Amino acid sequence: MLVRDIWHGWLATKRLFADAMPKRLYSRALLIVVIPVVLLQCVIAYFFMEKHWQAVTYRLSVALTQDIAALVDLHRSFPPEKGDEILERIAFERLGLDIDILPKQPLPPPLPKPFFSLLDNSLSAEIRKQIGQPFWIDTVGRSSMIEIRIQMDDAVLRVLARRSAAYASNSHIFLLWMLATSIVLLAIAIAFLRNQIKPILRLATAAENLGKGRMVEFRPSGAVEVRRAGYAFLEMKRRLERSMEQRTTMLNGVSHDLRTILTRFKLSLALIADGPDAVEMENDIDEMNRMLAAYLAFARGDAGEVSATIDMGVLLHELKADAHRQGHAVQLDISGETAVAVRPDAFKRCLANLIGNAQRYGSRIELQAVRDNRFLTLHVDDDGPGIPVEKRDDVFRPFYRLDESRNQDAGGTGLGLAIARDIARSHGGDIILSEAPIGGLRATVRIPL
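Just so we're clear, the structure is a prediction, and the values are computed from it rather than from any experiment.

Side note on the overall build of the protein
On a plain count of helices and strands, the protein comes out with 10 helices and 11 strands. Sequence separation of at least 24 residues holds for 64% of the intrachain contacts in the protein that already meet a minimum separation of 6. Here the protein has roughly 27100 Å² of accessible surface; of this, 59% comes from carbon and sulfur atoms.

Description of the packing of helix α8 (residues 312–325) against helix α9 (residues 344–361)
Packing of α8 against α9 brings their axes to within 11 Å, and their N-to-C directions diverge by 35°. As α8 runs across α9, the sense of the crossing is right-handed. Here α8 contributes Met 312, Leu 315, Leu 316, Glu 318, Leu 319 and Ala 323 to the contact with α9, which in turn contributes Phe 347, Lys 348, Leu 351, Ala 352, Ile 355 and Gln 359. Across the contact of α8 with α9, the residue classes break down as 9 nonpolar, 1 polar and 2 charged.

Structural notes on the packing of aromatic side chains
Taken as a whole, this structure holds 1 aromatic pair when the rule is applied. A ring pair is formed by Phe 218 and Phe 233, whose centres lie 5.8 Å apart and whose planes are at 85°; its orientation type is edge-to-face. Of the two residues, Phe 218 is situated in the loop between α5 (171–211) and α6 (224–271) and Phe 233 in helix α6; the sequence distance between them amounts to 15 residues. One residue, Arg 446, lies across the ring of Phe 375, its end atom 3.9 Å from the ring centre.

Quick look at the pairing of strand β10 (residues 430–435)
Summarising the sheet, β10 and strand β11 (residues 441–448) pair through 6 bridges and their orientation is antiparallel. Paired with Leu 433 across the strands is Ala 443, a residue of β11. With antiparallel pairing between neighbouring strands as the criterion, β10 and β11 make up a hairpin whose turn holds 5 residues, including Gly 439 at a positive phi of roughly 110°.

Describing a nonpolar patch on the surface
On the surface, a cluster of nonpolar side chains totalling about 440 Å² of accessible area is made up of Met 250, Val 254, Leu 258, Ile 261 and Phe 265. By the element assignment, Met 250 lies in helix α6.

So, the confidence of the model for the protein
When pLDDT is averaged along the protein, the result is 79, and 85% of the positions lie at 70 or above. Note that pLDDT drops below 50 for residues 404–411; the model gives that stretch 35 contacts with residues more than four away or on any other chain.

Section: helix α10 (residues 416–426)
The element α10 is extensively covered by neighbouring structure, given that 9 of its 11 residues are classed as buried. Listed as buried for α10 are Gly 416, Leu 417, Ala 418, Ile 419, Ala 420, Arg 421, Ile 423, Ala 424 and Ser 426. Gly 428 sits one or two residues past α10 and shows a positive phi near 85°.

Structural notes on the pattern of salt bridges
The final tally for this structure, using the stated rule, is 15 salt bridges. Here Glu 235 ties to Arg 239 by a salt bridge, and the two come within 3.4 Å at their closest N and O atoms. Taken as a pair, Glu 235 and Arg 239 lie in helix α6 at a separation of 4 residues, close to a single helical turn. Using a relative accessible area of 28% as the deciding quantity, one classes Glu 235 as partly exposed. The shortest N-O distance in the salt bridge between Arg 364 and Glu 366 comes to 2.6 Å. Residue classification places Arg 364 among the partly exposed residues on the basis of a relative accessible area of 41%. Several salt bridges converge on common partners, so that one network encompasses Asp 100, Glu 147, Arg 149 and Arg 158.

Topic: the packing of α9 against α10
Between α9 and α10, the least distance of the axes is 9 Å, while the angle of their chain directions is 145°. Where α9 crosses over α10, the two elements pack in a sense that is left-handed. Counted together, Ala 346, Phe 347, Arg 349, Cys 350, Asn 353, Leu 354 and Asn 357 of α9 and Gly 416, Leu 417, Ile 419, Ala 420 and Ile 423 of α10 form the full contact between these two elements. Tallied by class, the residues present in the contact of α9 with α10 amount to 8 nonpolar, 3 polar and 1 charged.

So, the sheet that holds strand β6 (residues 330–335)
The strand order across the open sheet built from 5 strands is β6-β8-β9-β11-β10, with neighbouring strands paired in mixed fashion. A strand with exactly one partner marks an edge of an open sheet, and here the two such strands are β6 and β10. Put simply, the sheet's adjacent strands are angled 15° from each other on average, direction ignored. Bridge count between strand β9 (residues 375–382) and β11: 7 bridges; the pairing is antiparallel. Counted as the bridge partner of Val 380 is Ala 443 from β11. Along the sheet face, α8 touches β6, β8 (365–371) and β9 and points at about 175° away from the line of β6.

Some words on the side chain of Gln 151
Of note, Gln 151 is situated in strand β3 (residues 145–151). When near neighbours in sequence (up to four residues on either side) are disregarded, Gln 151 contacts Lys 104, Gln 105, Pro 106, Leu 107, Gln 133, Pro 134 and Val 156.

A short note on the environment of Ala 323
With respect to the helices and strands, Ala 323 occurs in helix α8. Judged by its relative accessible area of 1%, Ala 323 is buried. Along the sequence, Ala 323 and Ile 365 sit 42 residues apart, while their C-alpha atoms lie 9.5 Å from each other.

Conventions we followed
The residue numbers shown here count from 1 along each chain, following its written sequence. Note on the predicted model: pLDDT of at least 70 is required for a residue's local features to be given, and 80 or more for side-chain atom pairs to be given and counted; whole-chain, interface and lining totals, by contrast, use all residues. Based on all heavy atoms of the structure, the side-chain values leave hydrogens and waters out of the count. Helix and strand assignments follow DSSP, with helices taken as H or I runs no shorter than four residues and strands as E runs no shorter than two, numbered in order from the N terminus. Residue contacts are defined here by distance: any two heavy atoms, one from each residue, within 4.5 Å place the two residues in contact. Residue burial considers only the protein chains on display, and all accessible areas are found by Shrake-Rupley using a 1.4 Å probe. Between the N-to-C directions of two axes lies an angle of 0 to 180 degrees, each axis being a line fitted to C-alpha atoms and, for a helix, fitted only over the stretch in contact. Two helices crossing with the near one rotated counterclockwise from the far one by less than a right angle form a left-handed crossing, whereas a clockwise rotation gives a right-handed crossing. Amino acid classes used here: Ala, Val, Leu, Ile, Met, Phe, Trp, Tyr, Cys and Pro are nonpolar; Asp, Glu, Lys and Arg are charged; the rest, including Gly, are polar. Aromatic rings from Phe, Tyr and Trp, with only the six-membered ring used for Trp, were paired whenever their centres fell within 6.5 Å, and each pair was classed as stacked if the ring planes differed by under 30 degrees, edge-to-face if by over 60, and tilted otherwise. Two limits define a charge over a ring: the Lys NZ or Arg CZ must be within 6 Å of the ring centre, and within 35 degrees of the ring normal. Only strands that DSSP links by at least two bridges are regarded as paired with each other. For patches, a residue must show more than 30% relative accessible area and have no salt bridge; joins then use 9 Å for like charges and 5 Å for nonpolar side chains, namely Val, Leu, Ile, Met, Phe, Trp and Tyr. By definition here, a salt bridge exists when the distance from a side-chain nitrogen of Lys or Arg to a carboxyl oxygen of Asp or Glu is within 4 Å. Confidence of the predictor at the level of single residues is given by pLDDT, which spans 0 to 100. Exposure classes here rest on a 1.4 Å probe applied to the protein chains alone. A residue is buried below 20% of its type maximum, exposed above 50%, and partly exposed in between.

Rendered as structure tokens:
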């Protein structure tokens, strides 16, 4: 039980740590660079403060206290008439101390301890150890001076010493240099790191554009591993292009052969006397032509077409006008910027299939286009019978036909929605079917920008 609780706690901590970590490669790599530098500087600063700074301050405090103790001993040895004058001269000329022999009086009240009391602690300990008399010190009253008062038997010795005589005051320069060099090194590391991340971002952008069917201009650069990934991407792109070219060539050949046979059939029918059989055969040949065109359109897709920035509002108005000419009323609503990069003919075919499907089964059609920062979303609504929820994924399968209330390709091949979704996915998006606000079917096309 205890082991399981520990294991669950470890997993929870691990998940929490993973959620707190940045998700982008640049941020993670930056942490890998910054954290060791910061830890190293902290360790160096700690040992410097602990060993060097404290040791130097301790030795300086010992030396200053020894000088003050010597002055106390000399005061006791010299006669008071001329001794104080000699003592002040010796202290100033030989020890660099400014002293005054004050009449015996109470010492000032103790001052509050400063936040960083290394000097107070070290100097106070040495005065107690070497002199052993009541004392009062002020290390914060003047920034560059220290005042010390020693209670003697017949007087008070007042000592003014430079702060540097008892405290390693220049040690902060080392810390400033350490901080400055760390900032410079981190700036250089960040610049190099950004330069290493750029090829990866370019590769990701090229792969994303390829998935959206856009022109890809990419040249591998950066580290050896990134270059290998870039060359692998280019080889994959070339293989896809060769495969598409071979498939297109094969389909063109099949199309030519089949259309040649159908043309012969038409010529043969033209030589036959008119009759019911000839009319039916001609209708069958026309149906075969339509089926062949649909098969080729599905198999060929939008290969070979280059993406271009178009005004989606103009395209939608064209489709609306086409629907009006066919006797269908269409309501159009556009929100946001309408310029978008797509393969124009393919995307028009995608929307035309959806609108044609709505025209076939509904009397009222509504088009809506919404663009945000990431996606272009198009809704095609109708008031027809709709499609059951459990069959909305099936209707996108090639050659699938509904034999009930809604046959989306009546008189066709069952490829209309399959072609539309194939085109949407070639742009990096998709098509989703749902219930329309006006009661029929809503086809939603969503493609990334």
